Amino acid sequence: MKEKLEQLKKEFDKAIGNSVKKEDIEQIRVAFLGKKGALTSIMKEMRDFSLEKKKEVGQMVNAMKSYIEESVFEYHKNIDEKEIATRLNKEWVDISWPAYPAQGTVHPVSTVRKELEDLFTSMGFEILDGPEMENEYNNFMALNIPEDHPARDTQDTFWLKNGMLLRTHTSPVQIRGMEKRKPPFKFIAPGKTYRNEATDASHEHTFHQIEGMVVDRDISVANLIYTLKAIISNIFGREVEVRLRPSYFPFVEPGFELDFRCQICSGKGCSVCKQSGWIEYLGCGMIHPNVLKNGGIDTDEFQGFAFGGGIERLVMMKYGIDDIRHFHSGDLRFLKQF
Ligand code: DAH
């Protein structure tokens, strides 16, 4: 019996040594361990053995069985590894090669956003990011807009099933920013905003805003005007006249709307500025004490200004684009011009 098993081992080693494919290995496994396999028939012969012999031969047969199973496993693994190595060899990429010249172009909103970021950082502002899915507290409550406040009507909101909302403005980043810093500080927060609005040439459901917040001692409206005038003039590459008009936003007091001279007609009046010579640009004002308090700021010592406005409006004016819906159209004829 021992010789028989040794002979079987030799046959198995030879067969498996010659196998190159997984199917070959499987055939060999069946030939030895299958129902009609060589080792199985030896086991059948054991039926007539004495108990003692059964025990002795049984051990040898079991050892042989494990040997075959382990070899089969090892051979399978070797083939897998060889296959992976061949594939890696074939699909090898030289990552040190220079990339192909870029095929796309930078979106005009991204260009202006980057310009704004560079300008504000050169004036010492930090750039903050906030989530587009916001909670009601940051988007409304903490900004002095309680549940029944009419200001909510002006910001048609996309409410989500989980009770959150898509931020209707970048102002919630004011709250997030204040919570994590100690004054004095100044930051901007550019990003996407959403409103459930009927779209037309100047309204989109998805657009970009830039928010700004400065908190320090002795801050006044003069600081606000100086900062915004400098930024807008830099964007257009020439000195641009600005003006403030009183306006109402629950999170500032006093609140203003900032207009700048129409850069299409230089203030003479055209269809873009609706013959007024001015472009209504953004909302701003001195931060309401309630908002500062919600951000944990001592209002006896600190005050500040804030502003927020759409980025697309600026891009449209800078490049003479007449319809805000172009930005998300994905129309290559539009995009390739930039
Ligand atoms: N969040 C306002 C809006 O989307 C704009 C705004 C107005 C932002 C006044 C401000 C501000 O920071 O002070 O209509």
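Keep in mind it's a predicted model, so treat the numbers as computed, not measured.

Engineer: Describe the overall build of the protein chain, listing the residues and the values that go with them.
Structural biologist: Counting its secondary structure elements, the protein chain contains eleven helices and nine strands. Here the C-alpha radius of gyration of the protein chain, 37 Å, is well above what a compact globule of 338 residues would show, namely 20 Å. The C-alpha extent of the protein chain, read off along each of the three principal axes, is 110 × 45 × 40 Å. For the protein chain, the residues scored as buried account for 41% of the 338 residues in total. Partitioning the contacts of the protein chain with sequence separation of at least 6, the portion at a separation of at least 24 is 65%. Here the protein chain carries 46 positive and 51 negative side-chain charges, and the mean point of each set is 7 Å from the other.

Engineer: Which residues make up the packing of helix α1 (residues 2-17) against helix α3 (residues 38-45), and what values go with them?
Structural biologist: Relative to each other, α1 and α3 sit at 170°, their axes nearing to 11 Å. Taken together, the axes of α1 and α3 are roughly antiparallel relative to one another. Residues K4, L5 and L8 of α1 pack against A38, L39, I42 and E45 of α3. Taken together, the residues that form the contact of α1 with α3 break down as five nonpolar, no polar and two charged.

Engineer: I'd love a proper account of the site of the ligand, names of residues and values included.
Structural biologist: Close to the ligand lie 16 residues; H169, S171, R195, Q209 and E211 are nearest. At a separation of 2.6 Å, an oxygen atom of the ligand approaches a polar side-chain atom of E211. Across the complex, the protein chains shield 92% of the 350 Å² of accessible surface that the ligand would expose by itself. Within the residue set of the shell around the ligand, elements represented by two or more residues are β5 (206-216), β8 (278-287) and β9 (303-310). Here the shell around the ligand is composed, by residue class, of six nonpolar, eight polar and two charged.

Engineer: Lay out the side chain of H208 with the relevant residues and their values.
Structural biologist: Of note, H208 is situated in strand β5. If we skip the residues at most four places from it in the chain, H208 touches V109, R113, G191, K192, T193, G309, G310, I311 and E312.

Engineer: Summarise the packing of aromatic side chains; cite the residues concerned and give the values.
Structural biologist: Using the criterion set out here, one finds twelve aromatic pairs in the structure. Plain terms: the ring middles of F12 and F32 are 5.3 Å apart, the flat faces sit at 85° to each other, and that makes the pair edge-to-face. One end of the pair, F12, is in helix α1; the other, F32, is in helix α2 (residues 22-33), with 20 residues separating them in the sequence. Assigned by exposure class, F12 and F32 land together as buried. Site record: aromatic cluster; members linked through ring pairs are F120, F125, F305 and F307. Above the plane of the ring of F49 lies K53, whose end atom (NZ or CZ) is 4.6 Å from the centre.

Engineer: Summarise a positive patch on the surface; cite the residues concerned and give the values.
Structural biologist: A cluster of basic residues, K35, K36, K44 and R47, forms a positive patch on the protein surface. In this structure, R47 sits in the loop between α3 and α4 (51-90).

Engineer: Break down the pairing of β9 for me, with residues and values.
Structural biologist: Side chains on a regular strand alternate between the two faces of the sheet. β9 sits mainly inside the fold: six of its eight residues count as buried. The pairing of β8 with β9 spans five bridges and is classified as antiparallel. Directly across from C284, in β9, lies its bridge partner F307.

Engineer: How would you explain the domain arrangement of the protein chain if you had to name every residue and give the values?
Structural biologist: Its domain assignment divides the protein chain into domain 1 (2-91) and domain 2 (108-335). One C-alpha centre belongs to domain 1, the other to domain 2; they are set 74 Å apart.

Engineer: If you had to explain the pattern of salt bridges to someone new, which residues and values would you point to?
Structural biologist: Opposite charge on two side chains permits them to pair, given that their charged atoms come into close proximity. The full count for this structure, using the stated rule, is 19 salt bridges. Among the ionic pairs, E91 bridges to R87, the shortest N-O distance being 3.3 Å. Residue classification places R87 among the exposed positions, given a relative accessible area of 53%. The shortest N-O distance in the salt bridge between D323 and R325 comes to 2.9 Å. According to the relative accessible area criterion, D323 is buried, its value standing at 15%. What you see here is one network of salt bridges that share partners, running through R243, R245, E257 and D259.

Parameters and conventions
Each chain has its residues counted from 1, following the order in which its sequence is written. It should be noted that, the model being predicted, local features are given only for residues of pLDDT at least 70 and side-chain atom pairs only at 80 or more, the latter also being counted only at that level, while totals for whole chains, interfaces and linings use all residues. In computing side-chain properties, one takes all heavy atoms of the structure into account and sets aside hydrogens as well as water. Strands are runs of DSSP state E lasting at least 2 residues, helices are runs of H or I lasting at least 4, and numbering of each runs from the N terminus. Here the globule rule is a power law, 2.2 Å times the number of residues to the power 0.38, and the radius of gyration is based on C-alpha atoms. Working definition: with a 1.4 Å probe on protein chains only, accessible area under 20% of the residue-type maximum means buried, over 50% means exposed, and in between means partly exposed. Residue contacts follow a heavy-atom distance rule, with two residues in contact if any of their heavy atoms lie within 4.5 Å. Here the positive residues are Lys and Arg and the negative ones are Asp and Glu; neither His nor the chain ends is included. Just so you know, the charge point we use is NZ for Lys, CZ for Arg, CG for Asp and CD for Glu. Lines fitted to the C-alpha atoms define the axes, with helices restricted to the stretch that makes contact. Angles between their N-to-C directions range from 0 to 180 degrees. An angle below 35 degrees is treated as roughly parallel, one above 145 as roughly antiparallel, one from 65 to 115 as roughly perpendicular, and anything else as oblique. Asp, Glu, Lys and Arg are counted as charged, while Ala, Val, Leu, Ile, Met, Phe, Trp, Tyr, Cys and Pro are counted as nonpolar; the rest, among them Gly, fall into the polar class. Here a residue is considered near a molecule or strand provided that any single heavy atom belonging to it is located within 4 Å of it. In protein, a polar contact means a hydrogen-donor-capable atom and an acceptor-capable atom, both N or O and within 3.5 Å, with residues adjacent in sequence counting only if both atoms are side-chain atoms; elsewhere, any N or O pair within 3.5 Å suffices. The Shrake-Rupley method, run with a 1.4 Å probe sphere, supplies the accessible areas, and residue values consider only the shown protein chains as cover. Stacked, edge-to-face and tilted labels apply to pairs of Phe, Tyr and Trp rings (six-membered ring for Trp) whose centres lie within 6.5 Å, assigned for plane angles under 30 degrees, over 60, and everything in between, in that order. Criterion for a charge above a ring: Lys NZ or Arg CZ within 6 Å of the ring centre, and within 35 degrees of the ring normal. A patch is a set of surface residues, each over 30% in relative accessible area and not in a salt bridge, joined within 9 Å for like charges and within 5 Å for the nonpolar side chains Val, Leu, Ile, Met, Phe, Trp and Tyr. Only one rule defines a salt bridge in this text: a Lys or Arg side-chain nitrogen within 4 Å of an Asp or Glu carboxyl oxygen. If DSSP finds at least two bridges between two strands, the strands pair. An automatic or database domain assignment supplies the start and end points of every domain.

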